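Structural overview
Here are the chains, one letter per residue:
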Amino acid sequence: MTLEAIQYRRGRLHILNQLLLPHETCYEEIDTVQQGWQAIRDMKVRGAPAIAIVGCLSLVIELQQSNEEDKDAVVTFILDSLKYLVSARPTAVNIAKAAAELSALVRCETQKAESTAASIKESVITHIVSMLEKDIADNKNIGDCGARHILSRINKEKATILTHCNTGSLATAGYGTALGVIRSLHAMGRLEHVFCTETRPYNQGARLTAFELVYEKIPATLIADSMASIAMKEKGISAVVVGADRVVSNGDTANKVGTYQLAVSAKYHNIPFYVAAPCTSCDLSLENGEQIVIEERPHQELTDINGIRIAAPGIHVWNPAFDVTPHELITGGIITELGVFSPSELQDAVIRG
């Protein structure tokens, strides 16, 4: 049984509060767009696909509860809500793309003479719910495409994978991206072992990825971020597979901070480095990674653990949430639901769909 980070039934939305994992499994109800925004901002829910889905579903809940019958008021509320949700975490592109698609849908529906407040609400709700179903299907395709590609490049019966941050069911609607590749390898009986980094400063690897791997009885070992290079040297790593919050036109990829150094080390050790991401994480409006806005998180995430300060008082802190891996270091390829592509092939593949 796979973990569910998002539970949606018409009129009800619950999210798994990931801040409490692995010690407590607690689902919280989301009733409003404001609550959805706050859950994303506070990282109760995280991962680019999950951020988009939870944000949009929070809008669904408000629309289902609304009795507003004025068409213009409904349109204004939807467009303002979408703009607000995008501001919660700016680096992850999925929610920005979803907001743009939904805004275009609303404007198109508004132009129809027969449209009403109720019909516009229902069109938006239907579109958002379909996102939830599509994300799971896309993730399974990513997992299968990535697993087959990795196996085609190694000279062993089973693969040993190193991964970073959390890219599984907790970061998506279900199954996962990079962790989806690992799940597919495991289901095929072709996975030897997984090494997951703790992923400081928020410990998504130690708290969330390790939790998922143990839950599903996938053979895995937790390592500190600073152990990745020696693991590549001594532990027979077949491939490094990570997720992405934004992949731009030339293949440069923003992902959880620490990804860039893994790519550098993988290149040195001649280990293929893969990015696993749905096409919704690809932002073809940007030419290269220098144009990506990198979110900076509160200093306390680095200086404190569970509210207890561990850093020396008075020390300055720099806490970017993401870094950008240059496309030249993505040597294995970019794994999408459409297949596995080199960075130079990605743009055409996404456009072709």
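Residues numbered from 1 in each chain as written. Predicted model: local features only at pLDDT ≥ 70, side-chain atom pairs only at ≥ 80, totals over all residues. Heavy atoms only, no water.

**Topic: the packing of aromatic side chains**
Formally: Two rings from Phe, Tyr or Trp (for Trp, the six-membered ring) form a pair when their centres are within 6.5 Å of each other. A pair whose planes differ by under 30 degrees is stacked, one over 60 is edge-to-face, and the rest are tilted. Secondary structure counts use DSSP, requiring at least four H or I residues in a row for a helix and at least two E residues in a row for a strand, with both numbered from the N terminus. Throughout this description, the term charge over a ring refers to an Arg CZ or Lys NZ atom that lies within 6 Å of the ring centre and within 35 degrees of the ring normal.
Going through the model one piece at a time under the given rule, you end up with 2 aromatic pairs. With 5.2 Å between their ring centres and 15 degrees between their planes, tryptophan 37 and tyrosine 84 make a pair best called stacked. One end of the pair, tryptophan 37, is in helix H1 (residues 33-41); the other, tyrosine 84, is in helix H3 (residues 71-86), and 47 residues separate them in sequence. The cationic tip of arginine 183 hangs over the ring face of tyrosine 175; the distance from NZ or CZ to the ring centre is 6.0 Å. Over the face of the ring belonging to phenylalanine 322 we find lysine 256, whose NZ or CZ atom lies 4.8 Å from the ring centre.

**Details of the pattern of salt bridges**
Operational definition: Salt bridges are defined by distance alone: a side-chain nitrogen of Lys or Arg within 4 Å of a carboxyl oxygen of Asp or Glu. A 1.4 Å probe rolled over the protein chains alone gives each residue an accessible area, and that area as a share of the maximum for its type sets the label: buried under 20%, exposed over 50%, partly exposed in between.
Taken as a whole and assessed by the stated rule, the structure comprises 14 salt bridges. Ionic pairing is found between glutamate 212 and arginine 183, a salt bridge with its closest N-O pair at 2.6 Å. Of this pair, glutamate 212 sits in helix H7 (residues 204-215) while arginine 183 sits in helix H6 (residues 178-187), and the two are 29 residues apart along the sequence. We note that glutamate 212, like arginine 183, is buried. Here arginine 246 makes a salt bridge to aspartate 283, at a shortest N to O gap of 2.5 Å. With arginine 246 in strand E8 (residues 246-248) and aspartate 283 in strand E11 (residues 282-283), the pair connects residues that are 37 residues apart, well separated along the chain. According to the relative accessible area criterion, arginine 246 is buried, its value standing at 10%. Residues participating in the shared-partner salt-bridge network are Arg41, Arg89, Glu295, Arg297 and Glu301.

**As for helix H2 (residues 48-65)**
The condition that has to hold: A helix is expected to span 1.5 Å multiplied by its residue count minus one.
Spanning 18 residues, H2 covers 26 Å between terminal C-alpha atoms, matching the ideal 26 Å at 1.5 Å per step. The buried fraction of H2 amounts to 15 of the 18 residues, a majority that puts the element mostly inside the structure.

**What to know about the sheet that holds strand E4 (residues 159-163)**
What counts, and what does not: Following DSSP output, two strands are said to pair if at least two bridges run between them. For every element, the axis is a line fit to its C-alpha atoms; helices are fit only across the contacting stretch, and the angle between N-to-C directions ranges from 0 to 180 degrees. In what follows, residue pairs with any heavy atoms lying within 4.5 Å of each other are defined as contacts.
As summarised here, the arrangement of the 7 strands in space is E6-E5-E4-E7-E10-E15-E16, forming an open sheet in which the pairing is mixed. The open sheet is flanked by strand E6 (220-223) and strand E16 (339-341), the only strands paired with a single partner. With direction set aside, neighbouring strand axes in the sheet form an average angle of 25 degrees. Pairing of strand E10 (residues 273-276) with strand E15 (residues 333-336), which is carried by 3 bridges, proceeds in the parallel orientation. Across the sheet, the residue bridging to valine 275 is isoleucine 334, located in E15. Along the sheet face, H6 touches E4, strand E5 (191-197), strand E7 (239-242), E10 and E15 and points at about 160 degrees away from the line of E4. Against the sheet, helix H11 (residues 343-352) contacts E15 and E16, and its axis sits at roughly 135 degrees relative to E16.

Shape is all these values report; function is a separate question.
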